[in-house]
Amino acid sequence: KSRIMMSDELAQLGYDLMDQVGDLATVKAACQFRDGLMIALLTYVPIRRKNFAQLSVGESLIRRQNQWFIVLKPDDTKTHVWFETVLPKTLEPYLNTYLERHRPRLVASNGRWSKATGAALWISAHSSPMTGIAIYDCICRQTRKRFGEHVSPHLFRDAAASTLATEAPDHVRIAAPLLGHRSFQTTEKYYRKAKAQEGHSRYIAAISKLRGDV
């Protein structure tokens, strides 16, 4: 079997792709930056591909209290439970750059298959909301170029569980709320939310430790 990547390797690929763009102001550069942001964000918040593809600014990606949050309502998740988590500070400047520079460029590209983009976060080179399949293809292409084998969006979830098991084995059980899995134990909404945020905080700390951010 192909080895499961560790989350710091995936995060580093995302940051490298974005950093390589520099001040380039082309649709190609915007696509590369977008791909890097997708990889980095999915590493930190390994939600299911359907939810990831449907992220929208002001709806499921929300700015409040000077922080960016991802918020998924019960009707939007496979297990029908609330999911809410804050994005790490290290990713914020990249997300802001995408929203201020690269997403508008993609929206204005007006390609052959242009469609109304609305508040969709992920925009294609043709100025249309990216589908789950398009996101899958982009992530697989970029990871194959770096690692010699593709890492699908679903495998980012395996990477998260493996990273927790390796770097924080005492807390491996929090992988379930981190990944949005339904617990066999009946719990209240706010207990689930607290556990998910605890798991996400520890997970981000593990990635930051491996990358040398702290």
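Here, the structure is the one placed above.
Remember, it's a predicted structure, so these values are computed and weren't measured experimentally.

It is at 8 Å that the axes of helix α1 (residues 7-21) and helix α2 (residues 27-44) come closest, and there the two elements cross at 155 degrees. In terms of axis orientation, α1 runs roughly antiparallel to α2. Crossing geometry of α1 relative to α2 is assigned as left-handed. Residues Ser 7, Leu 10, Ala 11, Leu 13, Gly 14, Tyr 15, Leu 17, Met 18, Gln 20 and Val 21 of α1 form the contact with α2, whose participating residues are Ala 29, Gln 32, Phe 33, Asp 35, Gly 36, Leu 37, Ile 39, Ala 40, Thr 43 and Tyr 44. Residues belonging to the contact of α1 with α2 are distributed by class as follows: 13 nonpolar, 6 polar and 1 charged.

Attention now goes to the packing of aromatic side chains. Under the definition given, this model contains 5 aromatic pairs. Ring geometry for Tyr 15 and Tyr 44: centres 6.5 Å apart, planes at 70 degrees, overall edge-to-face. Pair noted here: Tyr 15 is in helix α1 and Tyr 44 is in helix α2, with a separation of 29 residues, a long-range link. Of the residues examined, Tyr 44 reaches a relative accessible area of 0% and is grouped as buried. Grouping aromatic residues by their ring pairs yields a cluster made of Tyr 15, Phe 33, Tyr 44 and Tyr 94.

Should their charged atoms come close, side chains of opposite charge can pair. Counted by the stated rule, this structure contains 6 salt bridges. Arg 34 serves as the salt-bridge partner of Asp 35, at 2.9 Å between the closest nitrogen and oxygen. You can call Arg 34 buried: its relative accessible area is 4%. Here Arg 63 makes a salt bridge to Glu 92, at a shortest N to O gap of 3.3 Å. With Arg 63 in strand β1 (residues 61-64) and Glu 92 in helix α4 (residues 92-107), the pair connects residues that are 29 residues apart, well separated along the chain.

So, on to the nonpolar core. Core analysis: the biggest nonpolar cluster contains 52 residues, and Leu 41, Phe 52, Ile 70, Leu 91, Tyr 98 and Trp 122 have the highest contact counts within it. Contributions of two or more residues to this core are made by α1, α2, α3 (49-53), β2 (67-72), α4, α5 (132-147), α6 (153-167) and α8 (189-211). With 11 residues, the top contributor of residues to this core is α2. Ignoring anything within four residues of it in the chain, the contact list for Tyr 98 reads Phe 33, Arg 34, Leu 37, Arg 103, Pro 104, Leu 106, Leu 121, Trp 122 and Ile 123.

This paragraph deals with the pairing of β2. Among the 6 residues that make up β2, 5 are buried, leaving the element largely enclosed by the rest of the structure. Between β1 and the antiparallel strand that follows it, β2, lie 2 residues; Gln 65 among them carries a positive phi value of about 55 degrees. As judged from the 4 bridges shared by β2 and strand β3 (residues 83-86), these two strands associate in the antiparallel manner. Bridge assignment links Ile 70 to a residue of β3, and that residue is Thr 85.

Here is what the cut-offs are and how they apply
Counting from 1, residues in each chain are numbered in the order their sequence is written. This being a predicted model, a pLDDT of at least 70 is required before a residue's local features are given, and a value of 80 or more before pairs of side-chain atoms are given or counted; all residues contribute to the totals for chains, interfaces and linings. Hydrogen atoms and water are omitted, and side-chain values are computed over all heavy atoms in the structure. Axes here mean lines fitted to C-alpha atoms, for a helix over just the part in contact, with angles spanning 0 to 180 degrees between N-to-C directions. To qualify as a helix, a DSSP run of H or I must reach at least 4 residues; to qualify as a strand, a run of E must reach at least 2; elements of each kind are numbered from the N terminus. Every angle not falling under 35 degrees, over 145, or within 65 to 115 is termed oblique; those three ranges are roughly parallel, roughly antiparallel and roughly perpendicular. We call a crossing left-handed when the near helix sits turned anticlockwise from the far one by less than a right angle, and right-handed when that turn is clockwise. Residue contacts are counted whenever heavy atoms from the two residues lie within 4.5 Å of one another. Each residue gets one of three labels, nonpolar for Ala, Val, Leu, Ile, Met, Phe, Trp, Tyr, Cys and Pro, charged for Asp, Glu, Lys and Arg, and polar for the others, Gly among them. Two aromatic rings from Phe, Tyr or Trp, using only the six-membered ring of Trp, form a pair when their centres are within 6.5 Å; if the ring planes differ by under 30 degrees the pair is stacked, by over 60 it is edge-to-face, and anything between is tilted. Partly exposed residues are those whose accessible area sits between 20% and 50% of the maximum for their type, while under 20% is buried and over 50% is exposed, using a 1.4 Å probe and protein chains only. One side-chain nitrogen of Lys or Arg within 4 Å of one carboxyl oxygen of Asp or Glu is enough to make a salt bridge. Nonpolar core, defined: a set of buried Ala, Val, Leu, Ile, Met, Phe, Trp, Tyr and Cys residues in which side-chain atoms within 4.5 Å join the residues together. Strands were regarded as paired on the criterion that DSSP finds at least two bridges between them.

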